[in-house]
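Notes for the structure review
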Amino acid sequence: MSSAVDIIIPNYNKAKYLEDAIKSVLGQKYTNWNLYIIDDNSKDSSVKILEKFRDNPKITIVLLKKNKGPSFCRNLGIRISNSNFISFIDSDDYWDKNKLKDQIEFMKTNNLSFTY
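A short tour of the structure in this document, coming up. (Residues numbered from 1 in each chain as written. Predicted model: local features only at pLDDT ≥ 70, side-chain atom pairs only at ≥ 80, totals over all residues. Heavy atoms only, no water.)

Observations concerning the sheet that holds strand 1 (residues 5-11)
What counts is decided by this rule: For two strands to count as paired, DSSP must find a minimum of two bridges between them. The helix and strand labels rest on DSSP assignments: H or I over at least four residues marks a helix, E over at least two residues marks a strand, and numbering proceeds from the N terminus. Interaxial angle, 0 to 180 degrees, is taken between N-to-C directions of lines fitted to C-alpha atoms, where a helix line uses only the stretch in contact. The contact rule is simple, with two residues in contact once any of their heavy atoms fall within 4.5 Å.
If you walk across this open sheet you meet the 4 strands as 3-2-1-4, and the pairing is parallel. Unpaired on one side and paired on the other, strand 3 (59-63) and strand 4 (85-88) mark the two borders of the sheet. Put simply, the sheet's adjacent strands are angled 20 degrees from each other on average, direction ignored. Pairing analysis gives 7 bridges linking strand 1 to strand 2 (residues 33-39), with the strands arranged parallel. The residue bridging isoleucine 8 from the neighbouring strand is tyrosine 36, located in strand 2. Across the sheet, helix 3 (residues 70-80) lies against strand 1, strand 2, strand 3 and strand 4, angled at about 155 degrees from strand 1, the strand it touches most.

Shown next, in the form of structure tokens:
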């Protein structure tokens, strides 16, 4: 499997769950991914949590200066993506370690360009 997946996390004031969401991406068995975290001008401690991951070369953090909403954040992530595969995870969610591996294998086996 050589297809990279760009993963997009829109975040707004979900500091309580954000680190678990990021760690669930970091723990994926499928490792050919890039993570884009779009913080929507959070007012909680989200930015402090994001600082822990700033030096990871697989993670890009975008801090918006004005709240634009989750749709804007997802669309911004899509615009900066350069992958054939895009996956979304909410900042208050987490993935099983096999999520990407199973989904990419399923898509390739069945010649699918979109799954949910």
